[in-house]
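# Notes for the structure review
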Amino acid sequence: MEIKNVLVTGGVGYIGSHTVLSLIEHGYNPIIIDNLSNSSEKVLPRLEKISSKKIKFYKGDVCNKEDLEVIFKENKIDAIIHFAGLKAVGESVQKPVEYYRNNLDSTLTLLEEMLKYQIKNIIFSSSATVYGIPSHVPLTESDPIGKATNPYGQTKIIQEGIFQDFSFVHKDYNICLLRYFNPIGAHPSGMIGEAPNGIPNNLMPYITQVAVGKREKLHIFGNDYNTPDGTCIRDYVHVCDLAEGHVLSLKKLAQEPGLVIYNLGTGKGTSVLELVHAYEKATGVKIPYQIDARRPGDVEANYAATTKAEKELGFKAKFTIEDSCRDSNNWQQHNPNGYDD
Ligand code: NAD
Ligand code: UDP
């Protein structure tokens, strides 16, 4: 079956917006639904400017059947990429009910509507967090699901379980669970990027805010881990590489029924200090930092085994860490206050 019209839930957000551009580049027709709970409407004209294409946008909530039905009645949707969800680890500890309600309801409502409208292809944004505290690295897709350390992670584990159970009975549905490692970077145009509200929780947006003088210095959470320089190791993947991973997954969906799981990462671990140094090298901007206590819940080292995605999807990250630093910096320098500028 040929896939043309792709509903992108959460398509105004960080990863969704970059994926919308990749979809257009590859000849797909993305249609967005987003409730703008964690994104700005200003993304849309920018996407249209970069792609020179009018993009259909529905302001709506994926948890709300009526909002979805308007779209399914007006468009023949061939596939869905489901990004919509709440994603802040710390906030999820403070607001567990909100996180469970939004992340689980959105997926359940989508699946009900997919059955009703016979939409048989879906890609879901999962996360490396489902592996819990890794006993070894790199992490392969056949490694067991771990124990979540926060409600956000638990919602991803439960959502994966929902898809597994759904797939068991609906064998003609094509489902792809993509476990992202740490997305960083921005579109090279500098027009779209990551724009967190308030103090960033994640490392790269914190660094970029230090780079533009919005924050005085970076606080590095611990340098006494059992790693070469004592700081934690992660797999930082450029958001444009991730976006391409979704296009490749769509092609795969069209070929093979059932449920498939892929890690999307670079396969390379980078420590916090290495990232800081790469940023300084790529941009020429000095990032002052101080070493603080460990952050509770942090895992020491985490990076992807990429063989399966490479073999089966043809996915291989093209951007280097320096490229990612350059593009994150470029975005922040042009938009020091994100979309509020
Ligand atoms: P984001 O917050 O930038 O984008 C999510 C979008 O979904 C936002 O635009 C938000 O307004 C929208 N949204 C949330 N709930 C909605 C609902 N009920 N109905 C309609 N729209 C809704 O986040 P992102 O970084 O682009 O992440 C996208 C997905 O990838 C999320 O599911 C996230 O959990 C997952 N993920 C992200 C990371 C990361 O580090 N960014 C890592 C692993 C997995
Ligand atoms: N980190 C840090 N200072 C910050 C934010 C993050 O030292 O202000 C560290 C954090 O302890 C972890 C790494 O950077 O070792 C990546 O953190 P992030 O929250 O971006 O990703 P995650 O831990 O969820 O993989």
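Heads up: the structure comes first, above all this text.
Residues numbered from 1 in each chain as written. Chains lettered and ligands numbered in written order. Predicted model: local features only at pLDDT ≥ 70, side-chain atom pairs only at ≥ 80, totals over all residues. Heavy atoms only, no water.

Counting 40 residues, the largest nonpolar core has V6, L23, L47 and L250 as the members making the most contacts within it. For this core, the secondary structure elements donating two or more residues are β1 (5-9), α1 (14-25), α2 (43-51), β4 (79-82), β6 (174-180), α8 (239-255), β11 (258-264) and α10 (307-313). If you tally residues by element for this core, the top one is α1, at 6 residues. Apart from residues lying up to four places away in sequence, L250 is in contact with I3, V6, L23, Y28, A79 and I123. By size, the runner-up hydrophobic cluster in this structure holds 24 residues, among which are I31, M114, F124 and I175. (Core = buried A, V, L, I, M, F, W, Y, C linked by side-chain atoms within 4.5 Å. Buried < 20%, exposed > 50% of the residue type's maximum accessible area, 1.4 Å probe, protein only. Helix = DSSP H or I, 4+ residues; strand = E, 2+ residues; numbered from the N terminus. Contact = heavy atoms within 4.5 Å.)

Let us look at the packing of aromatic side chains. A complete count under the given rule lists 5 aromatic pairs for this structure. Between Y131 and F181 the ring centres are 6.5 Å apart and the planes differ by 35°, which places this aromatic pair in the tilted class. You can see Y131 sitting in the loop between β5 (121-127) and α6 (151-169) and its partner F181 sitting in the loop between β6 and β7 (182-184), a full 50 residues away along the chain. The residues Y131 and F181 share a single accessibility class, namely buried. Plain terms: the ring middles of F166 and Y173 are 5.2 Å apart, the flat faces sit at 85° to each other, and that makes the pair edge-to-face. (Phe/Tyr/Trp six-rings, centres within 6.5 Å; stacked < 30°, edge-to-face > 60°.)

In this section: the sheet that holds β5. Strand order in the open sheet formed by 7 strands is β3-β2-β1-β4-β5-β6-β11, and the pairing between neighbours is parallel. The two strands at the open ends of the sheet, each matched to only one other strand, are β3 (56-59) and β11. Neighbouring strand axes in the sheet, compared pairwise and without regard to direction, differ in orientation by 20° on average. Here β1 runs beside β4; their pairing, made up of 4 bridges, is parallel. In the strand pairing of β4, L7 is matched with I80. (Pairing = 2+ DSSP bridges. Axes fitted to C-alpha atoms, helices over the stretch in contact; angles between N-to-C directions.)

Relative to the 32 Å expected for 22 residues at 1.5 Å per residue, helix α5 (residues 96-117) spans 31 Å between its end C-alpha atoms, a close match to the ideal helical length. In this structure, the buried side of α5 is in contact with β1, α3 (65-74), β4, α4 (89-94), β5 and α6. In the stretch just after α5, Q118 is the one whose phi turns positive, near 55°. (Expected span 1.5 Å × (residues − 1).)

Positionally, N150 belongs in the loop between β5 and α6. A polar contact is formed between the side chain of N150 and the backbone nitrogen of G153, at a distance of 2.8 Å. Residues contacting N150, with those up to four places away along its chain left out, are V89, S92 and V93. (Polar contact = N/O pair within 3.5 Å; in protein donor to acceptor, adjacent residues only side chain to side chain.)

This part is about the site of ligand 2. Around ligand 2, 15 residues are found, and the nearest of them are L203, H219, R234, R295 and D298. Between D298 and ligand 2, the recorded distance is 2.5 Å, taken from a side-chain N or O atom to an oxygen atom. Secondary-structure elements contributing two or more residues to the shell around ligand 2 are α7 (203-211) and β8 (218-221). Considering each element in turn, the shell around ligand 2 owes the most residues, 4 residues, to β8. Residues belonging to the shell around ligand 2 are distributed by class as follows: 8 nonpolar, 4 polar and 3 charged. (Near = heavy atom within 4 Å. Nonpolar A, V, L, I, M, F, W, Y, C, P; charged D, E, K, R; others polar.)

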